[in-house]
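Descriptive analysis of the structure
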Amino acid sequence: AQTVTQSQPEMSVQEAETVTLSCTYDTSESNYYLFWYKQPPSRQMILVIRQEAYKQQNATENRFSVNFQKAAKSFSLKISDSQLGDTAMYFCAFMNAGGTSYGKLTFGQGTILTVHP
Amino acid sequence: ETGVTQSPTHLIKTRGQQVTLRCSSQSGHNTVSWYQQALGQGPQFIFQYYREEENGRGNFPPRFSGLQFPNYSSELNVNALELDDSALYLCASSLEGGGTPQGETQYFGPGTRLLVL
């Protein structure tokens, strides 16, 4: 079974600064997808960024980028130029690209990020 | 906004009762997944429906059941409610088998907060 671990329960950052959220995962599969989701206090889960395991290039979406280290099974999220609206719970999630658990997202425990003015 | 809607937003039930939660998927999506999110934790996969058939199930007892309709909307039914069923229930829609690399990405609704007394 796959597991996802987020070792930082809480993080804080000053507005306009950069912060990195950590995520590690455990799997025996070679082809999979990784995601970062954001859940603001209003609670709707929003996709931040997605990475395919077969791609060596790290995904980027505007101020959000990932550092995907497949051998180390590490998938960290970097938020540049942090904004007050980035305050939320961030979840790292894993999905197999095939097999019986395809389509199932396995989530980490989450990291609460607070951006201070 | 993801285009995924859920109803009701909040619900209070007593132990032993039954509950039905509803989800409308994003336009063009054919798959709905359900998750249970306890307070302060990451979502846990309950099951997924693809083209009206259950397509994978997490570690939840049979009293958690579901349906998917021809328009791809879905219901989650929970019988014999227990106190531990109190949680936020999230549904997520996706387009499986669409032949696109984005097909596996799941888009979440705002959730239904269930309280069992």
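Preceding this paragraph is the structure being described.
Counting restarts for each chain: residues are numbered from 1 in the order of the written sequence. Naming scheme: in the order in which they are written, chains are lettered from A and ligands are numbered from 1. For a predicted model such as this one, the threshold for reporting local features is a pLDDT of at least 70, and the threshold for listing and counting side-chain atom pairs is 80 or more; totals across whole chains, interfaces and linings nevertheless cover every residue. Hydrogens and water molecules were not included; the side-chain quantities draw on all heavy atoms of the structure.

1. Things to note about the sheet that holds strand S1 (residues 5-7) of chain B
Residue and element names in this part refer to chain B. Any two strands are treated as partners once DSSP identifies two or more bridges connecting them. A run of H or I in DSSP counts as a helix once it spans at least four residues, and a run of E counts as a strand once it spans at least two, with each numbered from the N terminus. Taken in spatial order, the 4 strands make up an open sheet running S1-S3-S8-S7, and their pairing is antiparallel. Of all the strands in the sheet, just S1 and strand S7 (64-68) have a single pairing partner and so form its edges. For this sheet the average axis-to-axis angle between neighbouring strands, irrespective of direction, equals 20°. With 5 bridges connecting them, strand S3 (residues 19-24) and strand S8 (residues 74-78) associate as antiparallel partners. Of the residues in S8, the one forming a bridge with Thr20 is Asn77. Angles shown run from 0 to 180 degrees and are taken between the N-to-C directions of axes, each axis being a line fitted to C-alpha atoms and, for helices, limited to the stretch in contact.

2. Concerning the interface of chain B and chain A
Listed by partner, the interface residues are 28 residues for chain B and 20 residues for chain A. By buried area we mean how much accessible surface two parts lose on assembly, using a 1.4 Å probe and totalling the loss over both. With both chains or domains summed, chain B and chain A bury close to 1900 Å², and 50% of this area falls on carbon and sulfur atoms. Salt bridges are defined by distance alone: a side-chain nitrogen of Lys or Arg within 4 Å of a carboxyl oxygen of Asp or Glu. Counting every contact that joins chain B to chain A gives 0 salt bridges. Between N or O atoms, a polar contact is any pair within 3.5 Å; within protein, one atom must be a potential hydrogen donor and the other a potential acceptor, and residues adjacent in sequence are included only when both atoms are from side chains. At the surface where chain B touches chain A, the tally comes to 5 residue pairs in polar contact (both at pLDDT 80 or more). Counting residues per element, the ones that place at least two in the side of chain B that touches chain A are strand S4 (31-37), strand S5 (44-50), strand S9 (87-94) and strand S10 (107-108) of chain B. Residue polarity is assigned by list, with Asp, Glu, Lys and Arg as charged and Ala, Val, Leu, Ile, Met, Phe, Trp, Tyr, Cys and Pro as nonpolar; anything else, Gly included, falls into the polar class. Broken down by class, the residue content of the side of chain B that touches chain A amounts to 10 nonpolar, 14 polar and 4 charged. Any pair of residues with heavy atoms lying within 4.5 Å of one another is described as a contacting pair.

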